[in-house]
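Coordinate inspection notes
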Amino acid sequence: MSDQERTTPIAKISLAEKFAAIHDQWNPRVVGELNGQQVKLVKLRGAFVWHHHEQEDELFLVHRGSFRMEFRDRTIELAPGDILIVPRGVEHRPVADAEVEVLLFEPATTLNTGNLVNERTVRHPHHL
Ligand code: NI
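Quick notes on the rules
Residues numbered from 1 in each chain as written. Predicted model: local features only at pLDDT ≥ 70, side-chain atom pairs only at ≥ 80, totals over all residues. Heavy atoms only, no water. Buried < 20%, exposed > 50% of the residue type's maximum accessible area, 1.4 Å probe, protein only. Helix = DSSP H or I, 4+ residues; strand = E, 2+ residues; numbered from the N terminus. Pairing = 2+ DSSP bridges. Donors = N, O, S within 2.8 Å, 3.2 Å for Na, K, Ca; no water. Contact = heavy atoms within 4.5 Å. Core = buried A, V, L, I, M, F, W, Y, C linked by side-chain atoms within 4.5 Å. Salt bridge = Lys/Arg side-chain N within 4 Å of Asp/Glu carboxyl O.

Overview of the pairing of strand β5 (residues 75-78)
Of the two faces of β5, the one lined by I76 and L78 is fully buried and the one lined by T75 and E77 carries no buried residue. With four bridges joining them, strand β4 (residues 67-70) and β5 adopt antiparallel strand pairing. Looking at β5, one finds that R68 is bridged to E77. Hairpin connection, β4 to β5: the antiparallel pair is bridged by four residues.

Set out below in structure tokens:
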């Protein structure tokens with residue numbers, strides 16, 4: 001690819017710096033895009049809503065803190081450095097007892113609340 005074709009400059013992304021600029025929860029920010037997928041950063045605290053995604057698999061990577069992903073039949077605890085992939089169609093609910101920093105990797109079409117649209121839906125996440 002030539003420089004003229006490139007839409008995004010090549011530059012490293014500091015997760016620590018990006019997370020330091022986020023001061024709310026459940027509000028994903030886009031920090032990178034590739035191949036129709038987005039890299040998003042989000043801080044979580046408390047319990048989200050049960051939902052699933054019809055078309056998209058979601059990847060969660062814990063940066064700092066911990067949380068648990070609840071499924072209808074079990075719960076998976078996640079610590080820093082852990083990755084969890086939630087397949088499309090599977091109901092899930094993230095719950096964080098204390099604030100946790102999470103990286104998401106998923107298609108740009110992915111809505112945070114999946115099949116639901118409510119006050120927690122972020123239709124167009126901001127870029128950071
Ligand atoms: Ni989800």
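What follows continues from the structure just given.
Let's talk about the coordination of the nickel ion
For the nickel ion, the full set of protein donor atoms is H51 (NE2), H53 (NE2), E58 (OE) and H92 (NE2), at a range of 2.1 Å. We note that the donor set of the nickel ion lies within a single chain, spaced as H-x1-H-x4-E-x33-H. Taken together, the residues span a long stretch of sequence, with H51 in the loop between β2 (37-47) and β3 (58-64) and H92 in the loop between β6 (83-86) and β7 (93-107) at a distance of 41 residues. Just as H51 is buried, H92 falls in that class too.

Considerations on the environment of T75
On the secondary structure map, T75 appears in strand β5. Put simply, T75 and H92 are 17 residues apart on the chain and 9.3 Å apart in space, counted from C-alpha to C-alpha. The residues contacting T75, other than those within four sequence positions of it, are R68, M69 and E70.

So, the nonpolar core
Membership of the largest hydrophobic core comes to 18 residues, with the highest contact counts inside it found for L44, F60, F67, M69, L84, V100 and V102. Of all the secondary-structure elements, those providing two or more residues to this core are β2, β3, β4, β5, β6 and β7. Considering each element in turn, this core owes the most residues, four residues, to β7. In this structure F60 touches F67, M69, D82, I83, L84, V86, V102, L103 and L104, once residues within four positions along its chain are discounted. In terms of nonpolar packing, the next biggest core, distinct from the first, is built from six residues, I22, V31, V39 and L41 among them.

As for the pattern of salt bridges
Enumeration according to the criterion identifies nine salt bridges in this entry. Its salt-bridge partner being E106, residue K40 comes within 2.8 Å of it at the nearest N-O pair. Here K40 is found in strand β2, whereas its partner E106 is found in strand β7, with 66 residues between them in sequence. Taken together, the salt bridges that share partners define one network made up of R68, E70, R93 and D97.

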